[in-house]
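# Observations on the three-dimensional arrangement
Read off the chains here:
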Amino acid sequence: MAATLKLLQPLVYRAFCNPFAYSATQRVAYWNVGSCTWPTGQDPPEHSSLCHPAKKVENICSTSSRRILTTNSALPSLEFSRASASKSSTLKPCSPRAMKVDKEDIEAFDSFEDPRVFLQLRPEYQLHSYNRSETCQPLSVSEGELILHKVTVYQANLQPQIIADYFCKLSSLPAEQHPVLLSSASFALLCQLSVKNIQLFDSPDLINILKAFVVLGIPHSHPMLDVYETKFCHKVWEMSLDQLLLVADLWRYLGRKVPRFLKIFFSYLNLHWKDLSLSQLIHLIYIIGESRQVPQDLMHKLESLILKYIDLINLEEVGTICLGFFKSSSSLSEFVMRKIGDLACADMQHLSSYALVNILKMFRFTHVDHVNFMKQFGQIAPQRIPSLGVQGVMHLTLACSALRILDEGVMNAVAASLPPRVAYCRSKDVAKILWSFGTLNYKPPNAEEFYSSLINEIHSKMPEFNRYPEHLLTCLLGLAFSEYFPVELIDFALSPGFVRLAQERSKFELTKELYTLDGTVGIECPEYRGSRLCSHLQQEGSEMLWNLARKDMNSKPEFLEALFLLETVLGGPQYIKHHMILPHTRSSDLEVQLDVNMKPLPFNREATPTEDVAKLRLKHVGVSLTDDLMNQLLKGKSRGHFQGEIESETGQQPMELEKAAAIHLGASLCNVADRLGAMEMAGLCPPARMQVPQVKLAIQLTNKNQYCYGSRNLLGLHNMKRRQLNRLGYRVVELSHWEWLPLLKRTRFEKLAFLHEKVFTAAL
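Below is a summary of the structure that appears in this document. (Residues numbered from 1 in each chain as written. Predicted model: local features only at pLDDT ≥ 70, side-chain atom pairs only at ≥ 80, totals over all residues. Heavy atoms only, no water.)

### What to know about the sheet that holds strand β3 (residues 577–579)
Spatially, β3-β4-β5-β6 is the arrangement adopted by the four strands of the open sheet, whose pairing is mixed. The open sheet has two free edges, formed respectively by β3 and β6 (730–735), since each of these has just one partner strand. Shown here is a sheet whose adjacent strand axes are inclined to one another by a mean of 30°, direction ignored. In terms of strand pairing, strand β5 (residues 695–701) meets β6 through six bridges, oriented parallel. Within β6, the position partnered with Lys-696 by the bridge is Tyr-730. Packed onto the sheet, helix α27 (residues 557–570) meets β3, β4 (589–594), β5 and β6 and runs at close to 10° relative to β4. (Pairing = 2+ DSSP bridges. Helix = DSSP H or I, 4+ residues; strand = E, 2+ residues; numbered from the N terminus. Axes fitted to C-alpha atoms, helices over the stretch in contact; angles between N-to-C directions. Contact = heavy atoms within 4.5 Å.)

Written out as structure tokens, the structure is:
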């Protein structure tokens, strides 16, 4: 007697205890592995994020694409009609490796298959990785119908080994029949039987069933897989390294995250890591990278194995190692990175572009400057960039900016290749490329074409930028570094709606980025009348950046000594102020103001009061308050008299004074005469009658990270800051690291002379 089974949508995602407690119709619906849809209004589980979002996949259980499945109590038959076959050939399971491009294209990067190329380089990889070309003997449609009939008739007597064998055989059906198979009631029954007997399967059987799931494209979110993951968790300590790697590889190929299994697997590896062969090590690092999770103590052990095998590793495997460590946010030591760079340099012409990009990612992550590697990279990159996808181009460009390496040949090749194919860029690609050019402070020969094409692409991708607001801010900051200010985009980015979106939707703290953009527009776009950041966020951004900058500078001895000696040169702490003249530029300055006679003005009201300074000095130096000294203080002495005293000194300080200076930097001057001179100057120029400064100086102590590598060309942010300081009337005085750091070993007199010349020469 025929009965029509209506295939329903699967039930809500949950781990189950007894699937046989449902009614017959509910069981078919629950075990229908051919459907990936979810109840209205409910989000799919976390695992569903692994499906490729950019590619549309038709729902394989659509009744319009094949005939309704009918069964007979005597002979359940799967309808493999020509119509259903032709229809189902266009239907694809929810499996990552089922999604392919139709033609070769340099932009067609397969994020699933491309990282697995290394598995073809050694025969040993076949022992512990899945190879989709290896299948059971091909199965005809009629043989498939017979197996499904046996499942229905003999379901109560099927042995675990038979069930596993059926899965293997059914996975050998023609690929166009898989969607129909997945939605059949008989196959759903076979899945039920496998779960019911799961405790009876040995490790090889479980692995074979998991292989069948991969071939058939079982949806990675199906609840049945929870049971299998749990079973594999229990089997970890009974399996070999080859088996464990194969299971992890199959889960990866299935597109399902298995954090419980991996956690136990990594615990096992912490005890058996020394047993890993070369191929097992490389494959493990690939799996770690794809899972994005790993205990760092295990990665340190794997790093020692990399050194053990370093002379046996080929170039593509080097790329796999770098990608695995990069994706899992695990660092490699500088020593290992230099070894990797040496390997790549030995034969870079034969290094694939994919491996080259991965190695550059790791150099970017570790900030290791391998000069020879980057030199050879600069020689081969311009020829490869036109044939490299835009994602690869983005990573090359970003690596250059992160390492501060400006290679005009590479940057020009990037700028020339992008405009014709800018439509292939994601929002992330546009953002990182603009940021890289802005950071390196470089404009290519085709700057107008390059920037206009990218700005137009920002406009066309606004829905994507709304999903990733951090990318829009990165774009606009990169453009600002390069002096491009698209008003419409800035107005949108600073609008209350987008600011709220950035705070709520992004996983990053974007207040600093918003504040930097807002402050830049305020100075460089005087005619701008669009949206601006609210005062509350401006204050929050200012405080956040000042706290970071103050902590950073006060931890640097070379800065503290410069501040201490500048106070000496100028006459006291009230003549110099450490603060952020432009808070949105994220770095602090030492401000000095001079009058019309090029004399310093005591404008810093936050400095230690003169009376307290004098008391502190008297306490440490031990000067007695005599009548003569009091007369000098009350009547005052000429500045030239004290200057003569300074010049007549040997420059040696009492030990007590040095200790006092270390304790209270703001109250530190070279000697008593300096202190008295500072007091006199403060008395001559009281705050109430403060003169308008004729010259405002912004003294900056720079470091090598503010310049392009091996040059004296400022990076984009710092160049933008100086540009804005000039707009506001400041003269920038640079205490460059190549001048100041060597002076730290010289005499105090030489340092004072250098600072005096810097300050007063800049004022002229």
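### Focus: helix α16 (residues 371–384)
The first and last C-alpha atoms of α16 sit 20 Å apart over 14 residues, in line with the 20 Å expected at 1.5 Å per residue. At Gly-378, α16 is deflected by roughly 35°, the largest bend along its length, and proline Pro-382 occurs up to four residues later in sequence. Where α16 is concerned, the buried positions are Phe-373, Met-374, Phe-377, Gly-378, Ile-380, Ala-381 and Arg-384. At its buried positions, α16 is contacted by α14 (334–346), α15 (353–366), α17 (390–402) and α18 (408–417). (Expected span 1.5 Å × (residues − 1). Bend = angle between axes of the 7 residues up to and from the residue. Buried < 20%, exposed > 50% of the residue type's maximum accessible area, 1.4 Å probe, protein only.)

### Notes on the pairing of β5
Side-chain positions along a regular strand alternate between the two faces of the sheet. Most of β5 is tucked away, with six of its seven residues classed as buried. Here β4 pairs with β5 via five bridges, running antiparallel. Paired with Glu-591 across the bridge in β5 is Ala-698.

### With respect to the packing of aromatic side chains
All chains considered together, the criterion is met by 19 aromatic pairs. Each ring, one from Phe-167 and one from Phe-187, has its centre 5.8 Å from the other, and the planes form 85°; the classification is edge-to-face. Of the two residues, Phe-167 sits in helix α4 (residues 160–170) while Phe-187 sits in helix α6 (residues 185–196), which places them 20 residues apart along the sequence. A relative accessible area of 0% places Phe-167 in the buried class. The exposure class of Phe-187 is buried, given its relative accessible area of 0%. Arranged with centres 6.1 Å apart and planes meeting at 85°, the rings of Phe-232 and Trp-251 form a pair that is edge-to-face. Linking Phe-232 in helix α8 (residues 224–235) with Trp-251 in helix α9 (residues 241–254), this pair joins segments that are 19 residues apart in sequence. (Phe/Tyr/Trp six-rings, centres within 6.5 Å; stacked < 30°, edge-to-face > 60°.)

### Considerations on the environment of Val-151
Locating Val-151 in the fold gives a position in helix α3 (residues 141–153). For the pair Val-151 and Leu-193, spaced 42 residues apart in sequence, the C-alpha separation works out to 9.1 Å. When neighbours within four sequence positions are excluded, Val-151 is seen to be in contact with Leu-158, Tyr-166, Ser-186, Leu-189, Leu-190 and Leu-193.

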